[in-house]
Amino acid sequence: MYLVPERAIAELISARDCFTAVEQVFASMARRSAYNFPVIREAIGHRDALYGFKSGFDRDSLALGLKSGGYWPHNHERGLINHQSTIFLFDADTGKCKAVVGANLITALRTAAAAAVSVAHLARKDARTLGIVGAGHQAGFQLRAVLEQRPFGKVVAWNRTPDKLAALEKIAVDRGLEFQAVSLEELGAQSDVIVTITSSFAPVLENAVVKDGTHVVCMGTDTKGKQEVSADLVARAATFTDEVAQAVTIGECQHALALGAKTEAEIIEIGAVINGTHPGRTSEREVTLFDGTGVGLQDLAVAEVVLRSAIEKGAATEVEM
Ligand code: NAD
């Protein structure tokens, strides 16, 4: 069995490899070759922590395993990040555990790759201005990955506490792009692609501010009750997701469904667009929306690439079970 430590991950995988791994597993899910098992997430009654498992199996790539971990809100007092997780990969032929892989960076990279895959397949080809709503830990990863998908010339951003936007500004300016901190109204008026990546429990982005033709990428809502955009925006948009079962329960779609403004049958798996069985965007004026809920198979797909790279580069330690 191999151990791949958290500190080694950054050198073991590129954004391009993450994109390909996530795109392929979304395609497998839509072909019904890969499926996610029911998610477990529990408040454990200790240090206010949320702990759980995300797992699944991809018959095409033979990725089998789970990501375990969660959210420890007081970790900063110990100099640790609040989200902590670890991936366990198993040999699909024998059931033996084949690797334990640090999953904190992988979580950020696979989440950014999902947004990037949606932009690659759904945004207008002439998209030039990218809007980011939120400026927490995930936002920079989202910005870097999405910028690769279109020849963007400008980034506009909004955060509840505007001082946090400096980190996003640096990423944009380092790439020679124009950057502007804006109001949400201005962000909607300018953006061709909007990524929302907040922990909000009430709509931040309203339907009225989003112009026709925009691709909206909702990445923050991954729990029952969270909400980033108004339900009428979800109702207006052609809506895509990583997994319909999660979109309607813990994703952005949960609210539009509860109001009867969208039906489950109207929500399309992004894998169908990747596989060419759904056309994706059907007009330049259509608003498209990707509800990225985050599935275990994304973690496993990226961890498999990391493991191969770690073995090749001598960064994995082999231990006897
Ligand atoms: P973070 O705590 O570092 O940042 C949170 C961000 O949300 C900040 O910009 C904050 O200002 C903003 N925010 C919080 N409450 C808000 C409110 N009421 N209105 C407006 N803005 C608000 O978190 P992060 O690590 O950047 O993660 C952001 C979100 O993404 C979290 O909700 C997290 O659970 C989710 N997430 C989703 C996936 C996925 O696969 N979909 C993966 C990882 C994280």
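Note: the structure precedes this text.
Residues numbered from 1 in each chain as written. Predicted model: local features only at pLDDT ≥ 70, side-chain atom pairs only at ≥ 80, totals over all residues. Heavy atoms only, no water.

**Some details on helix H1 (residues 15–30)**
1) Next: An ideal rise of 1.5 Å per residue puts 22 Å on 16 residues; H1 measures up with 23 Å between its terminal C-alpha atoms.
2) Next: Where H1 is concerned, the buried positions are Cys18, Phe19, Ala21, Val22, Glu23, Val25, Phe26, Ala27, Ser28 and Met29.
3) Next: Just downstream of H1 lies arginine 32, where phi reads positive at about 65°. (Helix = DSSP H or I, 4+ residues; strand = E, 2+ residues; numbered from the N terminus. Expected span 1.5 Å × (residues − 1). Buried < 20%, exposed > 50% of the residue type's maximum accessible area, 1.4 Å probe, protein only.)

**Regarding the packing of aromatic side chains**
1) Next: What the rule picks out here adds up to three aromatic pairs.
2) Next: Seen in terms of ring centroids, tyrosine 35 and phenylalanine 37 are 5.2 Å apart; in terms of plane orientation they differ by 55°. Their pairing is tilted.
3) Next: Judged by its relative accessible area of 45%, tyrosine 35 is partly exposed.
4) Next: When the ring of tyrosine 51 is compared with that of tryptophan 72, the centres are 6.3 Å apart and the planes differ by 70°; the resulting orientation is edge-to-face. Placement of tyrosine 51 in strand E4 (residues 50–58) and of tryptophan 72 in the loop between strand E5 (63–71) and strand E6 (83–90) is noted, with a sequence separation of 21 residues between them.
5) Next: Through a chain of ring-to-ring contacts, three or more aromatic side chains come together here, namely Tyr51, Phe53 and Trp72.
6) Next: Over the ring of phenylalanine 19 we find arginine 16, and its NZ or CZ is 4.9 Å from the ring centre.
7) Next: Arginine 144 extends its terminal NZ or CZ atom over the ring of phenylalanine 141, reaching a point 5.7 Å from the ring centre. (Phe/Tyr/Trp six-rings, centres within 6.5 Å; stacked < 30°, edge-to-face > 60°. Lys NZ or Arg CZ within 6 Å of the ring centre and 35° of its normal.)

**What to know about the site of the ligand**
1) Next: The full set close to the ligand counts 21 residues, and Arg110, His137, Asn159, Lys226 and Gly292 are the nearest of them.
2) Next: Here a nitrogen atom of the ligand and a backbone polar atom of glycine 292 are 2.8 Å apart.
3) Next: For the ligand, the protein covers 82% of the area, taking 860 Å² as the surface of the free molecule. (Near = heavy atom within 4 Å. Polar contact = N/O pair within 3.5 Å; in protein donor to acceptor, adjacent residues only side chain to side chain. Areas by Shrake-Rupley, 256 points an atom, 1.4 Å probe, with all protein chains shown as cover.)

**Thoughts on the pairing of strand E7 (residues 97–102)**
1) Next: Within E7, five of the six residues are buried, leaving the element largely enclosed by the surrounding structure.
2) Next: Two strands pair when backbone bridges link them, and strand E1 (residues 2–4) and E7 are joined in this way by three bridges, in the parallel orientation. Bridge assignment links leucine 3 to a residue of E7, and that residue is valine 100.
3) Next: Here five bridges tie E6 to E7, and the two strands are oriented antiparallel to one another. (Pairing = 2+ DSSP bridges.)

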